[in-house]
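# Architecture and fold: a report
Residues per chain, in single letters:
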Amino acid sequence: MRIGLLALKLLVLAGTLSCQGCTSVSPWERGNLAKEEMALDPNPKLNHLRDHIFTSREASQGGLTGSGGGCGCN
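Since the structure is predicted, the reported quantities are computational estimates derived from the model, not experimental observations.

### A look at the overall build of the protein chain
Of regular secondary structure, the protein chain possesses three helices and zero strands. Moving toward the C terminus, one meets the helices and strands of the protein chain in the order α-α-α. For the protein chain, buried positions account for 4% of its 74 residues. Split by element, the accessible area of the protein chain, about 6800 Å² in all, is 62% carbon and sulfur.

Here's what the structure looks like:
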């Protein structure tokens, strides 16, 4: 009974993972994917400014650039 339940769970898991797949994108759909809203970081300049302010105020090193002083001057 336990083996059957475990096999069923594995079968459901394998079925779920196999549903994720790749698809081809038509040429007329690529324009929608190239929009700024579809980017992983839709506001790179704003995020860079926020990272700069955070690293200056916290006197800590962010993940992207070097650390600044606590006074805000670099």
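That covers the picture; the talk isn't over yet.
### Section: helix α1 (residues 2–19)
Relative to the 26 Å expected for 18 residues at 1.5 Å per residue, α1 spans 26 Å between its end C-alpha atoms, a close match to the ideal helical length. A small share of α1 lies buried, amounting to zero of its 18 residues.

### Concerning the confidence of the model for the protein chain
Detailed reading of the predicted coordinates is not advisable wherever pLDDT is low. Summary statistics for the protein chain give a mean pLDDT of 76 and a share of 74% for residues scoring 70 or more. Taking the mean pLDDT of every element in the protein chain, the minimum, 80, falls on helix α3 (residues 44–58) and the maximum, 87, on α1.

### Points about a nonpolar patch on the surface
On the surface, Leu 5, Leu 8, Leu 11 and Val 12 cluster together to form a nonpolar patch covering roughly 400 Å² of accessible area. Within the fold, Leu 8 resides in helix α1. Residue class for Leu 8 comes out partly exposed when judged on its relative accessible area of 48%.

Rules behind the numbers
- Residues numbered from 1 in each chain as written.
- Predicted model: local features only at pLDDT ≥ 70, side-chain atom pairs only at ≥ 80, totals over all residues.
- Heavy atoms only, no water.
- Helix = DSSP H or I, 4+ residues; strand = E, 2+ residues; numbered from the N terminus.
- Buried < 20%, exposed > 50% of the residue type's maximum accessible area, 1.4 Å probe, protein only.
- Areas by Shrake-Rupley, 256 points an atom, 1.4 Å probe, with all protein chains shown as cover.
- Expected span 1.5 Å × (residues − 1).
- pLDDT = per-residue confidence, 0-100.
- Patch = residues over 30% accessible without salt bridge, like charges linked within 9 Å, V, L, I, M, F, W, Y side chains within 5 Å.
- Salt bridge = Lys/Arg side-chain N within 4 Å of Asp/Glu carboxyl O.

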